[in-house]
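# Structural characterization, general
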Amino acid sequence: MEKKRIKLEVQSLEQRVYEYLRSKIIDLEIRPGEYINIKAVADEIGVSTTPVRYALQRLCNEDLVDLFPRVGFFASKIEEKRVRDLFAVRKALELLALQVGFRHIDLQMVSELVKAFSNALGDLTSTVDSPPYELDYRLHDLIIYSSDNPYIIKTYNGLLGLLKRARNVIRKYLPSDSYAWKEWIKQETSDHLRIAKMILERDLKHATKALDDHLASACEVICRLVEEFLTREAKQ
């Protein structure tokens, strides 16, 4: 019994270190392409190097970290091709999920989202100051999970870390007091409202078009910022 308790404590420690590093990478606190010093991380959070190495190996499986033999671990780079490839897969998954699960989407949940997005647009000043990211994730998760397809769901969840990090490029490089930021939040919220409304109206054709347009727009904004900021920083 004692051995089992110790094993669970070790697993818990490894999980905490993994979640700590994953969060810092997704939030861009560890910059794309930055070297991750195992000993420095271990000292920072007060653990041995073993759980840090274990966490980094897990993050390699999510493509959030790259391992170069005899060199070390690095936060994976965010490059235009990677972003476009990522969104191509995301678009394929979400559009397929929408087609497969359209008749099974909970309309009560969609109605609540329509109301929430409408309220957000009605008070745009507050929305710009505190964007409704949770509503965003709820809408996309609803589409994915309504497919009731475990392979779609598993693949999508495996990409979530990369998708959130890509989205954080917008949060980091569009100044929150800029006109561009305000316009992006307005457009994004309007996009989500349009998607939700088309689903609520049981209009699969226009819901598909709205979702396709939204994902394409998000991809282009991120790619522009990657080219403008991250590529330039990598060359310095």
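Now for a description of the structure that goes with this document. All values reported here derive from a predicted model rather than from experimental measurement. (Residues numbered from 1 in each chain as written. Predicted model: local features only at pLDDT ≥ 70, side-chain atom pairs only at ≥ 80, totals over all residues. Heavy atoms only, no water.)

### So, unusual backbone geometry
Using the following cut-off: Under the scheme used here, helices are H or I runs from DSSP no shorter than 4 residues and strands are E runs no shorter than 2 residues, and both carry numbers assigned from the N terminus. Note on exposure labels: buried denotes an accessible area under 20% of the residue type's maximum, exposed denotes more than 50%, and partly exposed covers the range between, all computed with a 1.4 Å probe on protein chains only.
Phi at aspartate 63 is positive, roughly 65°, even though this residue is not glycine. Positionally, aspartate 63 belongs in the loop between α3 (49-61) and β2 (65-68). Its identity is not glycine, yet arginine 70 carries a phi of approximately 65°, on the positive side. For arginine 70, a relative accessible area of 85% gives the class exposed.

### Considering the nonpolar core
The condition that has to hold: In this description, a nonpolar core means a group of buried Ala, Val, Leu, Ile, Met, Phe, Trp, Tyr and Cys residues linked to one another through side-chain atoms lying within 4.5 Å. For this analysis, residues touch if any pair of their heavy atoms sits within 4.5 Å.
Counting residues in hydrophobic clusters, the biggest one holds 75 residues, and the most contacted among them are Leu21, Ile36, Val52, Leu56, Val169 and Ile199. Considering every element that reaches this core, the biggest residue donor is helix α10 (residues 204-235), with 13 residues. Contact partners of valine 169, with chain neighbours within four places excluded, come to Leu28, Ile78, Leu174, Ile222, Leu225, Val226 and Leu230.

### A closer look at the pairing of β2
Defined as follows: Strand pairing is assigned whenever DSSP identifies at least 2 bridges connecting the two strands.
Bridge analysis of β2 against strand β3 (residues 72-75) gives four bridges, and the strand direction is antiparallel. Looking across to β3, one finds that aspartate 66 is bridged to phenylalanine 74. Once β2 ends, the chain turns through three residues before running back antiparallel as β3, passing arginine 70 with a positive phi of about 65°.

### Quick word on the sheet that holds β2
Put simply, the test is: In this analysis, axes come from line fits to C-alpha atoms, helices being fitted only over the stretch in contact, and the angle between any two N-to-C directions falls in the range 0 to 180 degrees.
Reading across from one edge, β1-β3-β2 is the order of the three strands in this open sheet, with antiparallel pairing throughout. Looking at which strands have only one partner, the edges of the open sheet turn out to be β1 (35-36) and β2. The strands that α3 touches are β1, β2 and β3; relative to β2, the one it contacts most, it runs at about 110°.

### Here we look at empty space enclosed by the protein
Our working rule: Cavity and pocket criteria rest on a 1 Å grid covering protein atoms alone: a 1.4 Å probe that fits but cannot get out defines a cavity, protein on both sides within 12 Å along at least 5 of 7 lines defines an open pocket, and an atom within 4 Å of a point defines a lining residue. Grid points are joined across faces, edges and corners, and a volume is the space filled by probe spheres set on the points. Polarity classes work like this: nonpolar for Ala, Val, Leu, Ile, Met, Phe, Trp, Tyr, Cys and Pro, charged for Asp, Glu, Lys and Arg, and polar for all others, with Gly in that last group.
Throughout the structure, instances matching the rule amount to two cavities of 30 Å³ or more. Its boundaries defined by the atoms lining it, the largest cavity holds a volume of some 190 Å³. Lining the largest cavity are 18 residues, with Phe87, Arg90, Asp136, Leu163 and Arg167 positioned closest to its centre. Of all the elements in the fold, those that place two or more residues in the lining of the largest cavity are α4 (80-101), α7 (133-146), α8 (150-173), α9 (179-200) and α10. No other element matches the six residues that α8 contributes to the lining of the largest cavity. Grouping the constituent residues of the lining of the largest cavity by class yields ten nonpolar, three polar and five charged. Its boundaries defined by the atoms lining it, the second largest cavity holds a volume of some 50 Å³. What lines the second largest cavity is simply Phe117, Pro131, Pro132, Tyr133, Asp136, Arg167, Ile185, Glu188, Thr189 and His192. Elements with a contribution of two residues or more to the lining of the second largest cavity: α7 and α9. The element contributing the most residues to the lining of the second largest cavity is α9, with four residues. Its residues placed into classes, the lining of the second largest cavity shows five nonpolar, two polar and three charged.

### Observations regarding the state of the cysteines
In protein chemistry, a disulfide is the covalent bond that joins the sulfur atoms of two cysteines. Basically, it comes down to this: We call a pair of cysteine sulfur atoms a disulfide whenever their separation is within 2.5 Å.
If you walk through the whole model with that rule in mind, you get zero disulfides. Cysteine 223 supplies the cysteine sulfur nearest to cysteine 219, a cysteine that is in no disulfide, at a spacing of 4.0 Å. Overall, cysteine 223 belongs to the buried group, its relative accessible area being 3%.

### A short note on the pairing of β3
Pairing analysis gives two bridges linking β1 to β3, with the strands arranged antiparallel. Looking at the pairing, tyrosine 35 lines up with phenylalanine 74 of β3.

### Points about the packing of helix α5 (residues 107-122) against α9
For any two helices packed against each other, the geometry comes down to the angle between their axes and how far apart the axes lie. The line we're drawing: When an angle is under 35 degrees it counts as roughly parallel; over 145 it counts as roughly antiparallel; between 65 and 115 it counts as roughly perpendicular; any other value is oblique. Left-handed describes a crossing in which the near helix is turned anticlockwise from the far one by less than a right angle; the clockwise case is right-handed.
Between α5 and α9, the shortest axis-to-axis distance is 9 Å and the interhelical angle comes to 150°. As summarised for this structure, α5 and α9 are arranged roughly antiparallel, according to the angle between their axes. The chirality of how α5 crosses α9 is left-handed. Counting all contacts with α5, which are made through Leu107, Val110, Ser111, Val114, Phe117, Ser118, Ala120 and Leu121, the residues of α9 involved are Lys186, Thr189, Ser190, His192, Leu193, Ala196, Lys197, Ile199 and Leu200. Residue composition of the contact of α5 with α9, by class: ten nonpolar, five polar and two charged.

### Some words on the pattern of salt bridges
Here is the rule: Between Lys or Arg on one side and Asp or Glu on the other, a salt bridge is scored when a side-chain nitrogen of the former is within 4 Å of a carboxyl oxygen of the latter.
Following the criterion strictly, the structure yields 15 salt bridges and no others. Note that arginine 90 is salt-bridged to glutamate 94, the shortest N-O span being 2.6 Å. Residue arginine 90 and its partner glutamate 94 are located together in helix α4, separated by four residues, close to a single helical turn. The exposure class assigned to arginine 90 is buried, which follows from its relative accessible area of 12%. Between aspartate 213 and arginine 194 there is a salt bridge, with its nearest N and O atoms 3.6 Å apart.

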